[in-house]
Amino acid sequence: MRPESRPLLKPALSRAWRDKETLQFGTVRRHARLVEEVDQAVSAFLELIDGSREHTALLDAGERLGLGTALAEQLLASLEQSGLLDDAEATTQALAGYPRPRQDLLGPDLASLSLVHPAPGEAPAVLRGRSRARVEVRGAGRVGAAVAAALAAGGVGSVTVLDKGRVTARDCSPAGYPPTEVGRLRTTAARDVVHRAAGAAVAERHRRASRAPASEAPPMLVVLAPRDGSGAFTGAAAESHRLMRAGIPHLYVGVLEHLGIVGPLVVPGASACGSCATLTRRDEDEAWPRLLAQLADEGPGRPRAPACDSALATAVAGLAALHVQLYLDGGHPPSVDGWCEISAADGMARRLRLPNHPDCGCLWQSVPQPRPAVRESMRMA
Ligand SMILES: [Zn+2]
């Protein structure tokens, strides 16, 4: 760890004694770690690793406890290697990038990140990356508004929602628009949903929005969640062609009939795209592209009263937001070169592989990929 770091035993992990001298950190067996031969001095030393002392001060405390500096150093190194330590200083700095009410709301999210990204200071660096991210959600129905809310709650710095028209009862969901929003402009109501999820007062958000200049920067990722549910089957072809040309990563998501789908998440030039999915489905049903065209954009074949189970829409929106976060955090979500389905008929979730289609050509020429600069920010830390 850096000398100015303040080591902290991860508060997200439970601590339980397996016997008189063996302390287990974490409950989930796959991630649990054991500290053995814990005598009184070691136990007292562990209590001091609470983020209030710098590394050197901790070693001095180990000396005073009779542990000896060398053993204290060795113990700290071993705890770090086992993924049990975080850096309280880096955590404080990462949270300082958010307004006060949001810092408290993000506590559990940061605790979760500390388990996914185990090195000291790694989770705060990932959160700082999220705070700089800009995501655009296109489509503000049951799924789209809920995806936007989940992303804002997870610490994504800028979440913009694009749609037209006014909120109807069909757009409302427990994680998106409340029923009181029926009749308001969808984009205005969605801004308030995002702002509430981020933990700030709506009136304050409007004051800031009126002062802030509009962002010209392209989004790091676009979520395609059209209200007609065609995002479930990679509809919105014109939009996705523009995104492919611009090299902007995008994720399809939607609920159509009793099926909710997340994916593919397309990284232009590096993974299978929406057309690959359409062509793959065409191989099984040659009429598929014609059918899809009639479903999308309020076409003549659209259902007259579209089905959308509330629980399914909420689950799909949560899964989509999780995949977006994984991507922004530098990971490889399973919707890349694939998609995930959740069925209202049986509640099962499954992942299907999506190979690049030989007739598509989207991977013929590599496009520079914008990636979040999380790793870079860690080096700077
Ligand atoms: Zn393709």
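Structural data are supplied above this passage.
Because the structure is predicted, anything quoted here is derived from the model rather than measured.

1. Some details on the coordination of the zinc ion
Part 1 of the argument: C273 (SG), C276 (SG), C360 (SG) and C362 (SG) make up the full set of protein donors to the zinc ion, lying at 2.2 to 2.3 Å.
Part 2 of the argument: Around the zinc ion, the 4 donor atoms sit at angles spanning 99 to 123°, and that spread fits a shape best called tetrahedral.
Part 3 of the argument: The motif formed by the donor residues of the zinc ion, counted along the single chain, is C-x2-C-x83-C-x1-C. Taken together, the residues C273 in the loop between strand 10 (259–266) and helix 12 (274–284) and C362 in the loop between strand 12 (349–353) and helix 15 (374–380) connect sequence positions 89 residues apart.

2. Regarding the packing of helix 4 (residues 88–95) against helix 7 (residues 122–132)
Part 1 of the argument: At their nearest, the axes of helix 4 and helix 7 sit 8 Å apart, and the two run at 10° to each other. With respect to each other, helix 4 and helix 7 are oriented roughly parallel. Every residue of helix 7 that contacts helix 4 at A90, T91, A94 and L95 is listed here: P124, L127 and R128.

3. Observations regarding the sheet that holds strand 3 (residues 22–25)
Neighbouring strands of a sheet are bound in pairs by backbone hydrogen bonds; such pairs are parallel or else antiparallel.
Part 1 of the argument: Across the sheet, 3 strands lie side by side as 2-3-4; this open sheet has antiparallel pairing. Taken across any chain shown, the strands that pair with only one partner, and hence form the sheet edges, are strand 2 (15–19) and strand 4 (33–35). Sheet twist, expressed as the mean angle between neighbouring strand axes with direction ignored, is 30°.
Part 2 of the argument: Across 4 bridges, strand 2 lies against strand 3 in antiparallel orientation. Looking at strand 3, one finds that W17 is bridged to L23.

4. Regarding the packing of aromatic side chains
Between two aromatic rings, the relevant description is the distance of the centres plus the angle of the planes.
Part 1 of the argument: All told, the structure shown has 1 aromatic pair when counted by the stated rule.
Part 2 of the argument: Here F233 and W288 contribute two aromatic rings whose centre-to-centre distance is 5.4 Å and whose plane-to-plane angle is 65°, an arrangement assigned as edge-to-face. With a gap of 55 residues between them, F233 in the loop between strand 8 (221–224) and helix 11 (237–246) and W288 in helix 13 (residues 288–295) connect regions that are remote in the sequence.
Part 3 of the argument: The ring of W339 has R281 lying over it, and the distance from NZ or CZ to the ring centre is 4.2 Å.

5. Quick notes on the environment of A198
Part 1 of the argument: Tracing the backbone through its elements, the reader meets A198 in the loop between helix 9 (186–197) and helix 10 (202–211).
Part 2 of the argument: Its relative accessible area of 12% is what places A198 among the buried residues.
Part 3 of the argument: Each C-alpha atom of the pair A198 and L105 lies 8.0 Å from the other, and the pair is 93 residues apart in sequence.
Part 4 of the argument: With sequence-adjacent residues up to four places away left out, A198 is seen in contact with R102, L105 and A152.

6. Thoughts on the side chain of S5
Part 1 of the argument: Considering the arrangement of structural elements, one finds S5 in the segment before strand 1 (7–9).
Part 2 of the argument: Residue classification places S5 among the buried residues on the basis of a relative accessible area of 1%.
Part 3 of the argument: Look past the residues within four positions of S5 in its chain and what remains in contact with it is R53, E54, H55 and D87.

7. Here we look at the sheet that holds strand 9 (residues 250–256)
Part 1 of the argument: Pairing within the open sheet is mixed, and its 7 strands lie in the order 7-6-8-9-10-11-12. In this open sheet, the two edge strands, each paired with only one partner strand, are strand 7 (158–162) and strand 12. The mean inter-strand angle of the sheet, taken between neighbouring strand axes irrespective of direction, is 15°.
Part 2 of the argument: For strand 6 (residues 134–138) and strand 7, the ladder comprises 5 bridges, and the chain directions are parallel. Residue pairing for strand 7: R138 is matched across the bridge by L162.

8. Things to note about the nonpolar core
Part 1 of the argument: One finds Y177 and V223 to be the most contacted residues of the largest nonpolar core, which totals 43 residues.
Part 2 of the argument: Apart from the residues within four sequence positions on either side, V223 is in contact with V135, E136, V137, R138, V147, L251, V253 and V324.
Part 3 of the argument: Counting 21 residues, the second-largest nonpolar core is a separate cluster that includes Y252, L256, A272 and C362.

9. Re the pairing of strand 11 (residues 338–343)
Part 1 of the argument: Among the 6 residues of strand 11, 6 are classified as buried, and the element is accordingly described as predominantly covered.
Part 2 of the argument: Of the strand pairs in this sheet, strand 10 and strand 11 are connected by 4 bridges, and their pairing is antiparallel. Note on strand 11: the bridge partner recorded for V262 is C340.
Part 3 of the argument: Sheet topology note: the strand 11/strand 12 ladder contains 5 bridges and is antiparallel. Its bridge partner lying in strand 12, W339 is registered against L352.
Part 4 of the argument: Linking two consecutive strands that pair antiparallel, namely strand 11 and strand 12, is a turn of 5 residues; a positive phi of about 70° is found at G347 within it.

10. Thoughts on the pattern of salt bridges
Part 1 of the argument: A complete count under the given rule lists 14 salt bridges for this structure.
Part 2 of the argument: Where R138 meets E239, a salt bridge forms, and the shortest distance between an N and an O atom there is 3.2 Å. With R138 in strand 6 and E239 in helix 11, this residue pair connects regions lying 101 residues apart in the sequence.
Part 3 of the argument: With its nearest N and O atoms 2.9 Å apart, the salt bridge here joins D192 to R184.
Part 4 of the argument: On the basis of relative accessibility, which here comes to 2%, the residue D192 falls in the buried class.
Part 5 of the argument: What emerges from the salt-bridge pattern is a single network uniting R134, E136, R138 and E239.

11. Focus on helix 3 (residues 69–81)
Part 1 of the argument: Under the 1.5 Å per step criterion, the end-to-end length of helix 3 is 18 Å for 13 residues, consistent within 8% with the ideal 18 Å.
Part 2 of the argument: Listing the buried residues of helix 3 in full gives A72, L75, L76 and L79. Buried residues of helix 3, viewed axially, fall in a sector of 100°; they line one side. Exposed residues lying more than 90 degrees from the buried face of helix 3 are A70, Q74 and Q81.
Part 3 of the argument: In this structure, the buried side of helix 3 is in contact with strand 1, strand 4, helix 1 (40–48), helix 2 (55–64) and strand 5 (85–87).
Part 4 of the argument: Positive phi appears at G83, one or two residues downstream of helix 3, with a value of about 75°.

Procedures and definitions
Residues numbered from 1 in each chain as written. Predicted model: local features only at pLDDT ≥ 70, side-chain atom pairs only at ≥ 80, totals over all residues. Heavy atoms only, no water. Donors = N, O, S within 2.8 Å, 3.2 Å for Na, K, Ca; no water. Tetrahedral: all angles 85-135°; square planar, octahedral: opposite > 155°, others 65-115°. Helix = DSSP H or I, 4+ residues; strand = E, 2+ residues; numbered from the N terminus. Axes fitted to C-alpha atoms, helices over the stretch in contact; angles between N-to-C directions. Parallel < 35°, antiparallel > 145°, perpendicular 65-115°, else oblique. Contact = heavy atoms within 4.5 Å. Pairing = 2+ DSSP bridges. Phe/Tyr/Trp six-rings, centres within 6.5 Å; stacked < 30°, edge-to-face > 60°. Lys NZ or Arg CZ within 6 Å of the ring centre and 35° of its normal. Buried < 20%, exposed > 50% of the residue type's maximum accessible area, 1.4 Å probe, protein only. Core = buried A, V, L, I, M, F, W, Y, C linked by side-chain atoms within 4.5 Å. Salt bridge = Lys/Arg side-chain N within 4 Å of Asp/Glu carboxyl O. Expected span 1.5 Å × (residues − 1). Arc of directions from axis to C-beta.

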